[in-house]
Amino acid sequence: MEVVVLGSAGWFPRPERQTTCVCVRTPSTLCLFDVGSGLARLAQPEYAWLLQGDFEVAVFLTHLHLDHIVGVTYLAALFPGRRTTLFVPDVRRAGDGPVWLQRLVRPPFFPHTLSEFPLPLQLKRAQLGAVSIGECEVTARLQRHPGGSLGYRLGDALVVLTDCSPSEDAGAFAHGARVLIHEAWTALPDPAGTNPAPHSSAGEAAEVAAQGEVGELLLCHLHPLLAAGDLERVLTAARAVFPLTYLAEDGMRRSVRCSKAPSSLP
Ligand SMILES: [Zn+2]
Ligand SMILES: [Zn+2]
C-alpha cells in the first residue's frame, strides 16, 4: 500500500503545509485519516495516480476540530459517484459525532447537506476496536484532547496519533508498526503548560516510537508558525530519543506492506 501525507500542519494551512490529512491507497480502497485542507491536494496533477482504478473511500476522523474536517466539504468534488464511508467519533460530553457533523455541513455554513452530496455517502460512528477496510483492518483507540480524539492503526503498516496528550499506552498501541505518524506540536513539553497538555511534543512522540519499536516516525500536525530553525529543533528533540525520525512534508510518500491482523495489540 502507498501512504501519502497530504497535509502535515495543525491549526491552519500555509502554502507549503496544508492541515492534517494522511492518504493510504490500497488496490481496492482509498483511506483518509482526517480530511484537513490537505485533502485538496488530490486535485493537483501530481496526485492523480491516487485516484486511478476502481476503489471505495473510507474516511476516519480523529475528532471534529476544523483543521481536521474542513475537507468533508471537498468530498463531493474529489470523489463523485464513489462509495464513501465517513467514520465520525463522538465528542466527549457533547455526544453524537455524526449528528454534529450534519449540523455543520449544511446551510448556512455550506450550501448543501451531506445527504445532497452526489456520492453514495454513509455516516458511521467510529467505534473503539477493529473494522475491516479492503485488504486491511483499522483499529481505533481513545485519546485525551479537548473534546476527545481517536488514534488509528492500519494493520501492522501504519499508526496515526494526532491531537493527543501523552499517554502511557500509546507505545503498546503503536507496537511494531512500520510507520508511525505522530503529532509534534512543540519541541519539548511546556513546563508551565496545562496538565494534561492538549498536544504532544516531539520528544513525547519519539518516546511512543521508541516504546513501540516502530519502523520510523514521521512528525506531523506541525505548528504553522514555526520557522525552519524551530522545526529543526523539533526534529532534533525527537531524534535524541528515536533516531529514525523525519519531519512529515506534504507529498511525502511511503510504500508499506500491510498484514491484516495487527501484530501485538494490548
Ligand atoms: Zn488539530
Ligand atoms: Zn484538535
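Residues numbered from 1 in each chain as written. Chains lettered and ligands numbered in written order. Predicted model: local features only at pLDDT ≥ 70, side-chain atom pairs only at ≥ 80, totals over all residues.

## A closer look at the packing of helix α5 (residues 202-212) against helix α6 (residues 228-239)
The geometry of α5 relative to α6 is characterised by a closest axis approach of 8 Å and an angle of 35° between their N-to-C directions. Helix-helix and strand crossings are classified by hand; for α5 and α6 the assignment is right-handed. The segment α5 lies against α6, with A202, G203, A205 and A206 engaging V234, A237 and A238. Residue composition of the contact of α5 with α6, grouped by class: 6 nonpolar, 1 polar and no charged. (Axes fitted to C-alpha atoms, helices over the stretch in contact; angles between N-to-C directions. Helix = DSSP H or I, 4+ residues; strand = E, 2+ residues; numbered from the N terminus. Left-handed = near helix turned anticlockwise from the far one by under 90°. Contact = placed C-beta atoms within 7 Å. Nonpolar A, V, L, I, M, F, W, Y, C, P; charged D, E, K, R; others polar.)

## Here we look at the sheet that holds strand β10 (residues 158-161)
Taken together, 7 strands build an open sheet; the order of strands is β7-β8-β9-β10-β11-β12-β13 and the sheet is mixed. Each edge of the sheet is formed by a strand with only one pairing partner; in this case those strands are β7 (129-133) and β13 (245-247). Strand after strand, the sheet turns through a mean of 20° between neighbouring axes, direction not considered. Pairing of strand β9 (residues 149-154) with β10 involves 3 bridges; the strand directions are antiparallel. What sits directly across from Y152, in β10, is V160. Together, β10, β11 (179-183), β12 (216-220) and β13 form the strand contacts of α5, whose direction differs from that of β11 by roughly 155°. (Pairing = 2+ DSSP bridges.)

## Some words on the sheet that holds strand β5 (residues 84-88)
Taken together, 7 strands build an open sheet; the order of strands is β6-β5-β4-β3-β2-β1-β14 and the sheet is mixed. Because the sheet does not close on itself, it has two edges, and the strands there are β6 (121-125) and β14 (253-255). Along the sheet, successive strands turn relative to each other by an average axial angle of 20°, direction set aside.

## Things to note about the environment of A240
As for its placement among the helices and strands, A240 is situated in the loop between α6 and β13. On the neighbour-count criterion, A240 (12 C-beta atoms within 10 Å) is exposed. Taking the C-alpha atoms as reference, A240 lies 21 Å from V159; in sequence the two are 81 residues apart. (Buried ≥ 20, exposed ≤ 12 C-beta atoms within 10 Å, placed from the backbone.)

## Points about the pairing of strand β2 (residues 21-25)
Burial analysis of β2 places 5 of its 5 residues in the buried class, the great majority of the element. Summarising the sheet, β2 and strand β3 (residues 29-33) pair through 4 bridges and their orientation is antiparallel. Paired with C23 across the strands is L32, a residue of β3. With antiparallel pairing between neighbouring strands as the criterion, β2 and β3 make up a hairpin whose turn holds 3 residues.

## Quick notes on the confidence of the model for the protein
Confidence in the prediction for the protein averages 94 pLDDT; 97% of positions are at 70 or higher. In this model, residues 262-266 is a region of pLDDT below 50 whose contacts with residues beyond four sequence positions or in other chains number 13 contacts. (pLDDT = per-residue confidence, 0-100.)

## Notes on the pairing of β9
Counting buried positions along β9 yields 6 of 6 residues, so the element is predominantly enclosed. Side chains of β9 alternate between two faces, with S149, G151 and R153 and L150, Y152 and L154 buried alike. Here strand β8 (residues 136-143) hands over to β9 after 5 residues, with G147 in that stretch at a positive phi of 90°. The antiparallel pairing of β9 with β10 creates a hairpin that spans 3 residues between the two strands, and G155 there sits at a positive phi of about 50°.

## Some points on α5
Burial of α5 is extensive: 9 of the 11 residues sit out of reach of the surface. Along α5, the residues that are buried comprise A202, G203, E204, A205, A206, E207, V208, A209 and G212. Downstream of α5 by one or two residues, E213 has phi in the positive range, about 50°.

## So, the environment of T85
For T85, the position within the fold is in strand β5. Considering only alpha carbons, one finds T85 and N195, 110 residues apart in sequence, at a separation of 35 Å. In contact with T85, other than residues within four places in its own chain, are A58, Q122 and K124.

## Remarks on the nonpolar core
In this structure, F60 and L219 are the most contacted members of the largest nonpolar core, which totals 73 residues. At 5 residues, the largest contribution of residues to this core is made by α5. Residues in contact with F60, not counting those within four places in the same chain, are C31, L32, F33, F87, A126, V138 and Y152. (Core = buried A, V, L, I, M, F, W, Y, C linked by C-beta atoms within 7 Å.)

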